[in-house]
Amino acid sequence: MLTLARIAEAPAALTRHLESWDGARLLFRPLARTDAESLAGFLAGLSSETRRFSTFDGYDLAAARELCAAIARYDKLRLVLEEEASARIVGLLEFSLALTQGDVERYRQAGIHLNEETDCRFGLTLSDDQQSKGLATLVLPLICDVALRLGKRRIILWGGVLADNPRAIRFYEKNGFRRVGPFTGPDGRTSLDMILDLGRTR
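Below or above, wherever it landed, is the structure these notes cover. Just so it is clear, the model here is predicted, and its values are computed rather than measured. (Residues numbered from 1 in each chain as written. Predicted model: local features only at pLDDT ≥ 70, side-chain atom pairs only at ≥ 80, totals over all residues. Heavy atoms only, no water.)

**Details of the nonpolar core**
For step 1, the next point in the chain: The biggest cluster of nonpolar side chains holds 41 residues, and the ones touching the most others in it are Phe28, Leu77, Leu93, Phe95 and Ile155.
For step 2, the next point in the chain: In terms of residue count, the dominant contributor to this core is helix α6 (residues 135-149) (10 residues).
For step 3, the next point in the chain: Contacts of leucine 77, omitting those with residues within four sequence positions, involve Leu4, Ile7, Leu14, Leu93, Glu94, Phe95, Val146 and Leu150.
For step 4, the next point in the chain: Counting 17 residues, the second-largest nonpolar core is a separate cluster that includes Leu39, Ala64, Leu67 and Leu92. (Core = buried A, V, L, I, M, F, W, Y, C linked by side-chain atoms within 4.5 Å. Buried < 20%, exposed > 50% of the residue type's maximum accessible area, 1.4 Å probe, protein only. Helix = DSSP H or I, 4+ residues; strand = E, 2+ residues; numbered from the N terminus. Contact = heavy atoms within 4.5 Å.)

Structure, rendered in structure tokens:
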């Protein structure tokens, strides 16, 4: 079973070459400590609408450096999608191997008992110019493989998906996630918890 430390030492274990539907060559790989400037460009380029759906602590070089410095230090695994020709980061994929008490309680009320041994949280952000091109569908099998190799059997959406983001909800449902229930976040926005049973994707 892979661990965060082993991935940091040997990122090639999760590195894959992909070809998008329009023929672009992409690299799916763990975030590296040397990625700060490229990641900063990715974060800074996100539109206000994309930032509404995918929130980060910041969208500048300082925020990018924090994410890169956190590699193998906490419970997070971050991977990127990178254009091979330009080395531009066009996607950020985040796993959290820890569950919040809020997650556990919300799912418990819905009759689902989460366990850090078997469950993880996941979030995906794509650059604005790469959205609606099928990239999320292309990488989802890789996302599931990463979770399985980390010893997980279920994936929940990190922070849920905003209830007013029907495109994302349709995507997740189309790819096997099921609705658990709505909840109101600290910011007053309504989101929807969703979960994927990896045993059903094989």
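Next comes the rest of the write-up.
**Here we look at the packing of aromatic side chains**
In this description, a pair of aromatic rings is defined by centroid distance and the angle of the planes.
For step 1, the next point in the chain: Enumeration over the complete set of coordinates arrives at 4 aromatic pairs.
For step 2, the next point in the chain: Measuring from centroid to centroid gives 6.0 Å for phenylalanine 56 and tyrosine 59, while their planes differ by 85 degrees, and the two rings are edge-to-face.
For step 3, the next point in the chain: Take phenylalanine 56: its relative accessible area is 15%, and that puts it in the buried class.
For step 4, the next point in the chain: The buried category is assigned to tyrosine 59, whose relative accessible area is 19%.
For step 5, the next point in the chain: With 5.0 Å between their ring centres and 70 degrees between their planes, tyrosine 172 and phenylalanine 177 make a pair best called edge-to-face. Neither tyrosine 172 nor phenylalanine 177 differs from the other in exposure class; each is buried.
For step 6, the next point in the chain: Feature note: the residues Phe171, Tyr172 and Phe177 constitute an aromatic cluster, connected by ring pairs. (Phe/Tyr/Trp six-rings, centres within 6.5 Å; stacked < 30°, edge-to-face > 60°.)

**Digging into the pairing of strand β9 (residues 190-197)**
For step 1, the next point in the chain: With respect to burial, β9 is a largely interior element, 6 of its 8 residues being buried.
For step 2, the next point in the chain: Of the pairings in the sheet, the one linking strand β6 (residues 154-157) to β9 comprises 3 bridges and is antiparallel in character. Looking at the pairing, isoleucine 156 lines up with isoleucine 195 of β9.
For step 3, the next point in the chain: Across 2 bridges, strand β7 (residues 161-162) lies against β9 in antiparallel orientation. Across the sheet, residue valine 161 finds its bridge partner in β9, namely leucine 192.
For step 4, the next point in the chain: In this structure, the hairpin formed by strand β8 (residues 178-184) and β9 is closed by a connection of 5 residues, where glycine 188 is found at a positive phi of approximately 85 degrees. (Pairing = 2+ DSSP bridges.)

Purely spatial values, then, with no claim about function.
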